[in-house]
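# A look at the structure
Residues per chain are reported as follows:
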Amino acid sequence: MEKKNIWKRWKGSYASYVMIFFFTYIITGSLASVLSVYLTGIGKSVSQMSLIVSASGIFGLGIVPLVGYLCDRLQNPRLICMILLICMGGLALIYPRCQAVWALFLLQGLIGSFLNATLPVSEQLAASSPYRYGILRVWGTFGFALGAQAAGIAVERFPSVVLFSMIAVSGLLAVAGYLGVVENNEDPMKYAKAKDLSGLSSSSILRSPSFALYLVISFLLSGCASLNSSCVPLMLTGFGIPMGAVGTVLSISTLVEIPMLLFSNRFMDSFSAKSLLVITTVIFTAQFSLYALAGAPWAAVSTVILLKAVASTLMMMVNLKTVRNLLPPEAATFGLAVVSACSSLGAIVIQNLGGLVMEAFQIRALYMAMAALTVFVLTLALPLRVGNREKVFG
């Protein structure tokens, strides 16, 4: 009887949502903060590192939209995400035992795409939960900060198996969170609408001019953000900052976004998606320009702390708001998955081009090129038409 009461209290609890975001973002923070340094540390060249990191995007082109479609079609996103996280944890334990580029490429592609496929689902679950989005998503910030810090220490002081064991355990704890989530299935027409999702996706999603334009924007902006995540640790270590301190800097940078998440209901629902997209793009432009001009460690560190996590989190929230306002509710998860896949494609192209630029020129030249690219994104964002009909973050 007591076990039943514990399970009853766990189902739909705030703690179950917290576990999803906290432990999923521990994994995200761990991979984002040290993967590039880990790969170059085991003897991979910059171009090989870029190729391996971009595998997440290559595999994600097929896996992420498929997962989004299955979630909307089968109406069981919890089960699908749990299977992906369990598989990801098993693959993470194999990662430190591999040295060949092709093996690392395969493992990174599967691990990264499985993780990325769960992120749109968790965002959608949070937006439709009985709890305010900001007080759930903020736990992802704490998780990312802890993951970045712990990963930096693990790479600097312990064998690599410690880092990847932490990732595997975090995946299993996130599964425990999904077990407690109660999905919102009150709409009796939702399942019937999902049955016709394939027709909806071709006509209302992929053929929508506004959605197509947003896919191009996501391709470019997310590609730059992905490349930035790989380059920031290399830039900081290039200034002579030890890896443990790099993890600390990235941890602090994620904590800066906490007020933005807690008060997301105050501004994300008040402004249009277009206005928020323009603001996000301007922040990316300022960030990349400051990296290109930074002549001392303190300048680079200050920019990372103040702008890096803020821009990335704003972009994630803008994605959710834009898709929810461009597409009908029954296609939202699939739409987010399509945006994620397009972002993955951008990461593939821009990550590999960035690796070539870094080998041929200095990292400052790369950041100047990225700043110019985000200015071009800003010109694309200006004609975007998207309403503000749905309140997502309240």
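Residues numbered from 1 in each chain as written. Predicted model: local features only at pLDDT ≥ 70, side-chain atom pairs only at ≥ 80, totals over all residues. Heavy atoms only, no water.

Now for the overall build of the chain. Along the chain, the regular secondary structure elements total 17 helices and zero strands. A burial count over the chain gives 58% of its 394 residues as buried. Here the chain has roughly 15,400 Å² of accessible surface; of this, 70% comes from carbon and sulfur atoms. (Helix = DSSP H or I, 4+ residues; strand = E, 2+ residues; numbered from the N terminus. Buried < 20%, exposed > 50% of the residue type's maximum accessible area, 1.4 Å probe, protein only. Areas by Shrake-Rupley, 256 points an atom, 1.4 Å probe, with all protein chains shown as cover.)

Its 30 residues give helix 10 (residues 209-238) an end-to-end C-alpha distance of 43 Å, which sits within 8% of 44 Å, the value for a rise of 1.5 Å per residue. At Cys231, helix 10 is bent by approximately 30°, the largest bend along its length, and proline Pro233 sits one to four residues beyond. For helix 10, a buried count of 22 out of 30 residues is recorded, marking the element as mostly surrounded by other parts of the structure. (Expected span 1.5 Å × (residues − 1). Bend = angle between axes of the 7 residues up to and from the residue.)

This paragraph deals with the packing of helix 10 against helix 11 (residues 243-255). One way to put it is that helix 10 packs onto helix 11 with a least axis distance of 10 Å and a crossing angle of 130°. By the angle between their axes, helix 10 is oblique relative to helix 11. You can see that helix 10 and helix 11 cross each other, and the crossing is right-handed. Note on element contacts: helix 11 touches helix 10 through Met243, Val246, Val249 and Leu250, opposite Val232, Pro233, Leu236 and Thr237. Class assignment of the residues belonging to the contact of helix 10 with helix 11 gives a composition of seven nonpolar, one polar and no charged. (Axes fitted to C-alpha atoms, helices over the stretch in contact; angles between N-to-C directions. Parallel < 35°, antiparallel > 145°, perpendicular 65-115°, else oblique. Left-handed = near helix turned anticlockwise from the far one by under 90°. Contact = heavy atoms within 4.5 Å. Nonpolar A, V, L, I, M, F, W, Y, C, P; charged D, E, K, R; others polar.)

In this section: helix 11. Compared with the 18 Å implied by 1.5 Å per residue over 13 residues, the 19 Å span of helix 11 between its first and last C-alpha is a close match. Within helix 11 the residues assigned to the buried category are Met243, Gly244, Val246, Gly247, Val249, Leu250, Ser251, Ser253 and Thr254. Looking at the buried positions of helix 11, the neighbouring elements they touch are helix 2 (14-41), helix 6 (133-157), helix 10, helix 12 (258-262) and helix 15 (297-326).

Interhelical geometry of helix 3 (residues 46-74) versus helix 5 (residues 101-127) gives an angle of 40° and a closest axis separation of 6 Å. On the basis of the axis angle, helix 3 is oblique to helix 5. The way helix 3 lies across helix 5 gives a crossing that is right-handed. Taken together, the residues of the contact of helix 3 with helix 5 sort by class into 18 nonpolar, eight polar and no charged.

Topologically, Ser210 is positioned in helix 10. With residues up to four places along the chain from it excluded, the contact list for Ser210 reads Leu326, Leu384 and Arg385.

As for its position among the elements, Val169 is in helix 7 (residues 160-180). Sequence separation between Val169 and Ile27 is 142 residues, and the spatial gap between their C-alpha atoms is 9.5 Å.

What follows covers the nonpolar core. Core analysis: the largest hydrophobic core is formed by 123 residues, its most contacted members being Leu39, Tyr95, Leu236 and Tyr367. Discounting residues that sit within four places of it in the chain, Tyr95 has contacts with Leu35, Tyr38, Leu39, Ile52, Leu104, Leu107, Gln108, Ile111 and Phe164. (Core = buried A, V, L, I, M, F, W, Y, C linked by side-chain atoms within 4.5 Å.)

With that settled, the discussion passes to the packing of aromatic side chains. Here the structure, examined in full by the defined rule, presents 13 aromatic pairs. The ring of Tyr25 carries Arg137 above its face, with NZ or CZ at 4.3 Å from the centroid. (Phe/Tyr/Trp six-rings, centres within 6.5 Å; stacked < 30°, edge-to-face > 60°. Lys NZ or Arg CZ within 6 Å of the ring centre and 35° of its normal.)

Attention now goes to the environment of Gly68. In this fold, Gly68 is placed in helix 3. Residues Gly68 and Pro120 lie 52 residues apart in sequence; the distance between their C-alpha atoms is 7.9 Å.

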